[in-house]
Amino acid sequence: MNNQFSIRRFWQVLVWTLVYHWRQLLTLFGAAVVAFLVAEIPHFIQVSNDYAYRIICHESHETIVSDALHTVGEGNMLLLAPLMCVGAAFAFYNLHRKNEGRRLLMLPATNLEKYLARWVVYVPVLFVLYVVAFMVSDLLRMAVWPVLVSSEAISFPTAIPAFFGVMKSLVMWTNPFHLEKIFLIWGFFWFYHSLSLFSSVWIGRWSWLFVTVVFFAVIVFFIQTNYNGGDALAVFYLLAVVLAVAAYWLFCRFPKYKLFHNKD
């Protein structure tokens, strides 16, 4: 087999990966729909309950609705990041299974082609699925909202424009302070994304739990130490690169370097 990267061979591996992992992707999609619903509905119920009080405080109806939609957009965008990282932790979950792992390693393709195929499926493709999941959850929320509240309660239009507005703010900036904040957010995300890929190759199907524990451990550290993230920017990007390279290095040398080995 030619060891040089081949677009045609990569495309074949990518299609095989999508077909082989469609059930896992569908499960992640369904879990994301539920997660977005759980994040949306309680907030809208709270705003609806506080509506009369806020009107008394001279807030307009349009301001109340706009603020609620923007808050939901920000909250679901924050939820999207850990969902992406947990999803990436499933990229190589079956590598540690004897038969499935052997089937992957014996594909007639280079290690780079097989690795990139998994990356494409569990990063760009999964990102699109999660965005669609949010849109589906928002439409479901609008459909079930009249059932959850009384007819006199305030109604909310779709939060999809607010969601994409927050997404736009993460790739554009208006001042140096905003730019530094964006770089810090992206560095934090890419660090956990690379950690997810690394732990997926290293641990296997329990990598999502490992990534979740590390995530909350770092959050607790930031809160307890009142750390302002001054030096975290360079550290996050450096660790993201190191972990991404380490994930590919382990994948190329699997199963010599593995922590667990599960049978089918």
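The shown structure was predicted, so the numbers you read here are calculated from the model rather than taken from an experiment.

Quick word on the overall build of the protein chain
For the protein chain, the count of helices and strands is ten helices and zero strands. In the protein chain, the succession of α and β elements from N to C terminus is α-α-α-α-α-α-α-α-α-α. Within the protein chain, buried positions represent 40% of all 264 residues. If you take every contact in the protein chain between residues at least 6 apart in sequence, the share linking residues at least 24 apart comes to 81%. Surface exposure of the protein chain reaches about 14,800 Å², of which carbon and sulfur atoms provide 70%.

Re the pattern of salt bridges
If you walk through the whole model with that rule in mind, you get three salt bridges. Across the pair Arg9 and Glu113 runs a salt bridge, and its minimum N-O distance is 2.7 Å. With Arg9 in helix α1 (residues 7–20) and Glu113 in helix α6 (residues 111–148), the pair connects residues that are 104 residues apart, well separated along the chain. The residues Arg9 and Glu113 share a single accessibility class, namely buried. One connected set of salt bridges, linked through shared partners, spans Glu40, Asp138 and Arg141.

Focus on the nonpolar core
The biggest cluster of nonpolar side chains holds 67 residues, and the ones touching the most others in it are Phe92, Tyr122, Tyr130, Phe156 and Tyr192. Elements represented by at least two residues in this core include exactly α1, α2 (22–49), α4 (61–88), α6, α7 (160–169), α8 (176–202), α9 (207–225) and α10 (232–252). Beyond its immediate stretch of four places on either side in the chain, Phe92 contacts Tyr115, Arg118, Leu197, Ser200, Val201 and Phe251.

What to know about the environment of Gly187
Tracing the backbone shows Gly187 in helix α8. With relative accessibility at 0%, the residue Gly187 sits in the buried group. Considering only alpha carbons, one finds Gly187 and Leu239, 52 residues apart in sequence, at a separation of 9.2 Å. Excluding anything up to four places from it in sequence, Gly187 contacts Phe236 and Tyr237.

A look at α7
Looking only at α7, the buried set comprises Ile160, Ala162, Phe163, Val166 and Met167. Projected onto a plane normal to the axis of α7, the buried residues spread over an arc of 165° and lie on a single side. The exposed residues of α7 that point more than 90 degrees off its buried face are Pro161 and Lys168. Of the surrounding elements, those touching the buried residues of α7 are α4 and α6.

Cut-offs and rules
Residues numbered from 1 in each chain as written. Predicted model: local features only at pLDDT ≥ 70, side-chain atom pairs only at ≥ 80, totals over all residues. Heavy atoms only, no water. Helix = DSSP H or I, 4+ residues; strand = E, 2+ residues; numbered from the N terminus. Buried < 20%, exposed > 50% of the residue type's maximum accessible area, 1.4 Å probe, protein only. Contact = heavy atoms within 4.5 Å. Areas by Shrake-Rupley, 256 points an atom, 1.4 Å probe, with all protein chains shown as cover. Salt bridge = Lys/Arg side-chain N within 4 Å of Asp/Glu carboxyl O. Core = buried A, V, L, I, M, F, W, Y, C linked by side-chain atoms within 4.5 Å. Arc of directions from axis to C-beta.

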